[in-house]
Amino acid sequence: MPCITPGSDSMKNTHPQGSAQTLAGRITEWLTFDNMHHQWLLLAACFWVIFMFMVASKFITLTFKDPDAYSAKQEFLFLTAVPDAGKLPGEKHFPEELKPTGKVLSDSRLIQPLVYMERLELIRNVCRDEALKNLSHTAVSKFVLDRIFVCDKHKILFCQTPKVGNTQWKKVLIVLNGAFPSIEEIPENVVHDHEKNGLPRLSSFSDAEIQKRLKTYFKFFIVRDPFERLISAFKDKFVHNPRFEPWYRHEIAPGIIRKYRRNRTETRGIQFEDFVRYLGDPNHRWLDLQFGDHIIHWVTYVELCAPCEIKYSVIGHHETLEDDAPYILKEAGIDHLVSYPTIPPGITMYNKTKVERYFLGISKRDIRRLYARFEGDFKLFGYQKPDFLLN
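Here we summarise the structure given alongside this text.

Conventions used here
Residues numbered from 1 in each chain as written. Predicted model: local features only at pLDDT ≥ 70, side-chain atom pairs only at ≥ 80, totals over all residues. Heavy atoms only, no water. Helix = DSSP H or I, 4+ residues; strand = E, 2+ residues; numbered from the N terminus. Buried < 20%, exposed > 50% of the residue type's maximum accessible area, 1.4 Å probe, protein only. Contact = heavy atoms within 4.5 Å. Areas by Shrake-Rupley, 256 points an atom, 1.4 Å probe, with all protein chains shown as cover. Phe/Tyr/Trp six-rings, centres within 6.5 Å; stacked < 30°, edge-to-face > 60°. Lys NZ or Arg CZ within 6 Å of the ring centre and 35° of its normal. Pairing = 2+ DSSP bridges. Axes fitted to C-alpha atoms, helices over the stretch in contact; angles between N-to-C directions. Core = buried A, V, L, I, M, F, W, Y, C linked by side-chain atoms within 4.5 Å. Disulfide = S-S within 2.5 Å. Salt bridge = Lys/Arg side-chain N within 4 Å of Asp/Glu carboxyl O. Lys, Arg positive; Asp, Glu negative; His and termini not counted. Arc of directions from axis to C-beta. Polar contact = N/O pair within 3.5 Å; in protein donor to acceptor, adjacent residues only side chain to side chain.

### Quick look at the overall build of the protein
Argument step 1. Scanning the protein from terminus to terminus reveals 17 helices and four strands.
Argument step 2. Buried residues in the protein amount to 43% of all 391 residues.
Argument step 3. Taking the contacts inside the protein whose residues are at least 6 apart along the sequence as the reference set, 66% of them involve residues at least 24 apart.
Argument step 4. Of the roughly 22,300 Å² of accessible surface on the protein, a fraction of 58% belongs to carbon and sulfur atoms.

What follows is the structure in structure tokens.
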């Protein structure tokens, strides 16, 4: 047998083969590890995508639960509200007076957008405030009952608050009562003629019938910023006077001027400053008695509708009428019978510039006295105190 020495060729050829095999093994191990690493990363990425899809699906389900909702944002806020302790997670509970009157989802849960519940809750809280009692409470007198129109066929009561788009709501009720087949066919001179429009007033019923309707009917009225409403009343009755009511300019305006104009030598017709002094005078009632029911265009919402004494179903706001009108029709169960007339874009928006222009030059004392009278309206319906006019 030949002897292999360290310097022989055979010995030299054994080392390169071993090194190559070792290197190949290590490369194989590394490739296997790297492949597994990529597989794990791919698997983790797949789980992450699935998880995010589930979260997104849940959010979409909550937000668009009710396709008829007027505001997906409001719907989402309502559905994600924390339930009362001890209640089932999916169960909705309302105070007795706040139970919604319709709007049923497929899972039979009753939904009322949060904003309308908040408005009713605010009224209840302000009504309980002893410091505001004189500004928030009034007797349910004939004057109040005269403001409430009745639709017996659909069990609806509507309290009239002039200068807040009430003409259109009257048209809705006239159609519902069957006096005219559609809103478009109602002559303008008939809407406010209570002998022809077919709208009975609540005051025309017996006491027992009045109480029955107040307890069981759907009740609503509309409000707007109190000061902007007064501007609208002044323009409508003393400046433009579109329905040709001469007594405002020829009887009421002279009475206000005689009592409240400071510069007796001025011969101009009634100015907004005169109107503000009249309304802010704590002793305004003696003139109110002379003016009769014409004062409905500028007295407070409290005096018109008694919101602390009558539990209304919905309070609409003129500023959000595009949402509120369809909601009221739906809650009253009449949205399939009649539609609210089209609202021109921007017409219901609060106009701070206009308010500032009308109050320009009027003394802070007179504006503060005016606010003191209408403070109850501002607080009951959540309107911001007009500090830009008062300070």
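Alright, that's what it looks like, and here's the rest.
### Quick word on the packing of aromatic side chains
Argument step 1. Applying the stated criterion to the full structure yields 28 aromatic pairs.
Argument step 2. Considering the side-chain rings of Phe234 and Phe275, the 5.6 Å spacing of their centres and the 40° angle between planes classify their relative orientation as tilted. Placement of Phe234 in helix α9 (residues 226-240) and of Phe275 in helix α11 (residues 272-280) is noted, with a sequence separation of 41 residues between them. For the pair shown, Phe234 and Phe275 are each scored as buried.
Argument step 3. Consider the rings of Tyr278 and Phe291, whose centres lie 5.8 Å apart with planes at 75°: the pair is edge-to-face. Within this pair, whereas Tyr278 is found in helix α11, its partner Phe291 is found in helix α12 (residues 285-291), the two being separated by 13 residues in sequence. Neither Tyr278 nor Phe291 differs from the other in exposure class; each is buried.
Argument step 4. One Lys or Arg, Lys352, reaches over the ring of Phe388 and ends 4.7 Å from the middle of that ring.

### Some points on the pairing of strand β1 (residues 148-151)
Every other side chain in a regular strand lies on the same face of the sheet, so the side chains alternate between the two faces.
Argument step 1. Every second residue of β1 is oriented toward a common face, with Ile148 and Val150 on one face and Phe149 and Cys151 on the other, all of them buried.
Argument step 2. One ladder, built from four bridges, connects β1 with strand β2 (residues 156-159); its direction is antiparallel. Note that in β2 the partner of Val150 across the bridge is Leu157.

### Some words on the sheet that holds strand β3 (residues 218-223)
Argument step 1. In spatial order, the strands read β1-β2-β3-β4; together these four strands make up an open sheet with mixed pairing. For this open sheet the edge positions go to β1 and β4 (314-317), each flanked by a neighbour on one side alone. Across the sheet, the mean angle from the axis of one strand to that of its neighbour is 20°, orientation sign disregarded.
Argument step 2. The pairing of β2 with β3 spans three bridges and is parallel. Opposite Leu157, over in β3, you have Lys219 as the bridge partner.

### Describing the environment of Lys379
Argument step 1. Within the fold, Lys379 resides in helix α16 (residues 364-380).
Argument step 2. Accessibility expressed as a relative area gives 36% for Lys379, which makes it partly exposed.
Argument step 3. The sequence separation of Lys379 and Asn125 amounts to 254 residues, and the corresponding C-alpha distance is 9.9 Å.
Argument step 4. Discounting residues that sit within four places of it in the chain, Lys379 has contacts with Leu122, Val126, Leu132 and Tyr371.

### Let's talk about the nonpolar core
Argument step 1. Residues Trp169, Phe238, Tyr278, Trp298 and Phe359 are the most contacted members of the largest nonpolar core, which totals 92 residues.
Argument step 2. Sequence-distant contacts of Phe359, defined by excluding residues within four places in its chain, comprise Phe227, Ile231, Phe272, Val276, Ile367, Leu370 and Leu389.

### Describing unusual backbone geometry
Argument step 1. The phi dihedral of Lys155 is positive, around 55°, even though this residue is not glycine.
Argument step 2. Unlike most non-glycine residues, Lys163 shows phi in positive territory, near 75°.
Argument step 3. Mapped onto the elements, Lys163 comes out in the loop between β2 and α6 (166-176).

### What to know about the state of the cysteines
Two cysteines joined by a covalent bond between their sulfur atoms form a disulfide.
Argument step 1. Summed over the entire model, instances satisfying the criterion amount to two disulfides.
Argument step 2. Each sulfur in the disulfide pair Cys127 and Cys308 lies 1.9 Å from the other. Taking the sign of the S-S torsion, about -90° here, the bridge from Cys127 to Cys308 comes out left-handed. You can see Cys127 sitting in helix α3 (residues 114-127) and its partner Cys308 sitting in the loop between α13 (301-305) and β4, a full 181 residues away along the chain.
Argument step 3. Here Cys127 falls in the buried class, since its relative accessible area comes to 15%.

### Description of the pattern of salt bridges
Argument step 1. Summed over all chains, the structure comprises 24 salt bridges.
Argument step 2. Where salt bridges share partners, they join Arg261, Arg262, Glu273, Asp274, Arg277, Arg365 and Asp366 into one cluster.

### Here we look at the side chain of Asp377
Argument step 1. Counting through the fold element by element, Asp377 comes out in helix α16.
Argument step 2. Notably, Asp377 is buried but unbridged: the nearest opposite-charge side chain belongs to Arg229, and the N-O separation is 5.0 Å.
Argument step 3. Other than its neighbours up to four places away in sequence, Asp377 contacts Pro226, Thr300, Tyr301, Val302 and Tyr383.

### Some points on helix α15 (residues 352-359)
Argument step 1. Residues of α15 that are buried: Lys354, Val355 and Phe359. Mapping the buried residues of α15 onto a view down its axis gives an arc of 125°, with all of them on the same face. Facing away from the buried surface of α15 by more than 90 degrees, the exposed residues are Thr353 and Arg357.
Argument step 2. Those residues of α15 that are buried lie in contact with α9, α11, α16 and α17 (387-390).
Argument step 3. The opening residue of α15, the one whose side-chain oxygen lies 3.2 Å from the backbone nitrogen of Thr353, is Asn351.

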